[in-house]
Amino acid sequence: KVEGQREVTRARRLRAVKMAATAGRAWRRLTVTRVPALAARLIAAPAPARTVHSCVDPSAGLSEDQKEFQKVAFQFAANEMAPHMTEWDQKEIFPVETMRKAAQLGFGGIYIRPDVGGSGLSRVDTSIIFEALSTGCASTTAYMSIHNMCAWMIDKFGDEELRHTYCPPLCSMESFAAYCLTEPGSGSDAASLITTARREGDYYILNGAKAFISGGGDADLYVLMCRTGDKGPKGISCLLVEKGTAGLSFGKKEKKVGWNSQPTRAVIFEDCAVPISNLIGREGDGFSIAMNGLNGGRINIASCSLGAAYASILLARDHLKVRKQFGEPLANSQYLQFKLAEMATGLVAARLMVRNAAAALQEARPDAVALCAMAKLFATDECFTICNQALQMHGGYGYLKDYAVQQFMRDIRVHQILEGTNEVMRMLISRNLLHD
């Protein structure tokens, strides 16, 4: 058994090395059209691409295997995402083909079991990958994190037929998934949802609506939480609904502050008939399944915030070095030096917190739920503050869409709201303490 595990590890490492060689060494340039003096600024890929001794180095403390697939993720972000990030945002493009390229590297089902096409990596590995990808586009990576969460829910709680039917195309991103929990009248109070699933013969008949669904209208598969029983969490079940099912429709595409590279729509069910074979787990398991998914989802979205904050710190650092006021570079200002130090400290603290929570979730520790809530609360708050401060350091230029820093700030603002608001995270943490 031990030898078999070693063989699996060696195979994964070899695969990562091959992916890294294919991806090639690269780093991304942000061309600033309005300020020629800044046009040559670079954000370098971290340690595996070149030696980095920075205190914010995201590869610090990682194993050699983790450094290898982190390198692949950073290079993919630099080559395939960063050059298009602005266009995807401004034109509201859902970059399907780019995500499918990411899936070829194993990023479509990172923590899904290998027998259905997943990469079989750990929660910490997943966090490392999502942080790296987010330096190229936080919005697109955030959608990929939700897609991964949906695939995991099917892999973890679905029967063998569901797993082998739906997980392979999700892992290859031939199909895309959407998570349907929030309703117009039930956000933080998710257990009060009213979308119904009435049993009729071999089908459930669905009626109701879901709100703010990432991928809504474009996704191929909807992981739906609906009411099959009485009020409260025990009356909720989880069903899979395929796009094109009669009675399934979508609202208008929402206009959002950020997250513009992924569509958001209401998902509407009107006498929508779904086979009972599409039930994940048993009737009444839905709320538990949803919350289990969200524990990992919170780590994922916190990791996306880390990537945006890391990129923003590098942008701010480079700007401080080249921008002059009062006859000297801004980097000579002790006030701005102290601010940059605070940003770096907050980022590293958040990263450690996220990786610790990811390890707790992987190990199924009893404090995992609270630690995931802590990590999501701290990382999303702190990383938004970092991005906002980076924008401030850019002055008026930071408010221009020619500069990536404003997009990172806009894209991660919603991370403080979704996957459970940060107010709900405080509830979960205090509940753990008071009920201990």
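Look up a bit, the structure's there.
Report follows, based on the coordinates. Just so it is clear, the model here is predicted, and its values are computed rather than measured. (Residues numbered from 1 in each chain as written. Predicted model: local features only at pLDDT ≥ 70, side-chain atom pairs only at ≥ 80, totals over all residues. Heavy atoms only, no water.)

The first and last C-alpha atoms of helix α12 (residues 422-434) sit 18 Å apart over 13 residues, in line with the 18 Å expected at 1.5 Å per residue. Within α12, burial applies to Asn422, Val424, Met425, Leu428 and Ile429. What you see down the axis of α12 is that its buried residues fit within an arc of 155°, all on one side. Pointing more than 90 degrees away from the buried face of α12 are the exposed residues Glu423 and Leu434. (Helix = DSSP H or I, 4+ residues; strand = E, 2+ residues; numbered from the N terminus. Expected span 1.5 Å × (residues − 1). Buried < 20%, exposed > 50% of the residue type's maximum accessible area, 1.4 Å probe, protein only. Arc of directions from axis to C-beta.)

Of the voids in this model, the largest pocket is the one considered here, and its volume is about 1200 Å³. Along its surface, the largest pocket is lined by 44 residues, and Thr182, Ile417, Leu418, Glu419 and Gly420 are the ones closest to its centre. Elements represented by at least two residues in the lining of the largest pocket include exactly α6 (138-157), β5 (203-214), α8 (286-322), α10 (368-393), α11 (404-413) and α12. Across the lining of the largest pocket, the residue classes break down as 23 nonpolar, 10 polar and 11 charged. As for the second largest pocket, its lining consists of 18 residues, and the residues nearest its centre are Arg123, Trp152, Lys156, Leu361 and Gln362. Contributing elements (two or more residues each) for the lining of the second largest pocket: α6, α9 (334-362) and α10. (1 Å grid on protein atoms, 1.4 Å probe; cavity = no way out; pocket = protein on both sides within 12 Å on 5 of 7 lines; lining within 4 Å. Points joined across faces, edges and corners; volume = space filled by probe spheres on them. Nonpolar A, V, L, I, M, F, W, Y, C, P; charged D, E, K, R; others polar.)

Following both chains from N to C, one finds α9 and α10 inclined at 155°, their axes separated by 8 Å at the closest point. One element, α9, and the other, α10, form an angle in the roughly antiparallel class. Where α9 crosses over α10, the handedness of that crossing is left-handed. Classifying every residue of the contact of α9 with α10 gives 21 nonpolar, 3 polar and 3 charged. (Axes fitted to C-alpha atoms, helices over the stretch in contact; angles between N-to-C directions. Parallel < 35°, antiparallel > 145°, perpendicular 65-115°, else oblique. Left-handed = near helix turned anticlockwise from the far one by under 90°.)

Moving on: the pattern of salt bridges. One pass over the full model with this rule turns up 23 salt bridges. Taking the shortest distance from any N to any O, the salt bridge between Lys101 and Glu80 comes out at 3.4 Å. One end of the pair, Lys101, is in helix α4 (residues 96-104); the other, Glu80, is in helix α2 (residues 64-81), with 21 residues separating them in the sequence. Residues joined in a network through salt bridges with shared partners are Arg113, Asp115, Asp155, Glu160 and Arg163. (Salt bridge = Lys/Arg side-chain N within 4 Å of Asp/Glu carboxyl O.)

Let us now look at the side chain of Gln389. Residue position: Gln389 is located in helix α10. Apart from residues lying up to four places away in sequence, Gln389 is in contact with Lys339 and Met343. (Contact = heavy atoms within 4.5 Å.)

Relative to β5, strand β4 (residues 196-200) runs antiparallel, the two being bridged by 5 bridges. Pairing of Arg198 across the sheet is with Ile205, part of β5. Linking two consecutive strands that pair antiparallel, namely β4 and β5, is a turn of 2 residues; a positive phi of about 60° is found at Gly201 within it. For β5 and strand β9 (residues 264-275), the ladder comprises 10 bridges, and the chain directions are antiparallel. Counted as the bridge partner of Tyr204 is Val274 from β9. (Pairing = 2+ DSSP bridges.)

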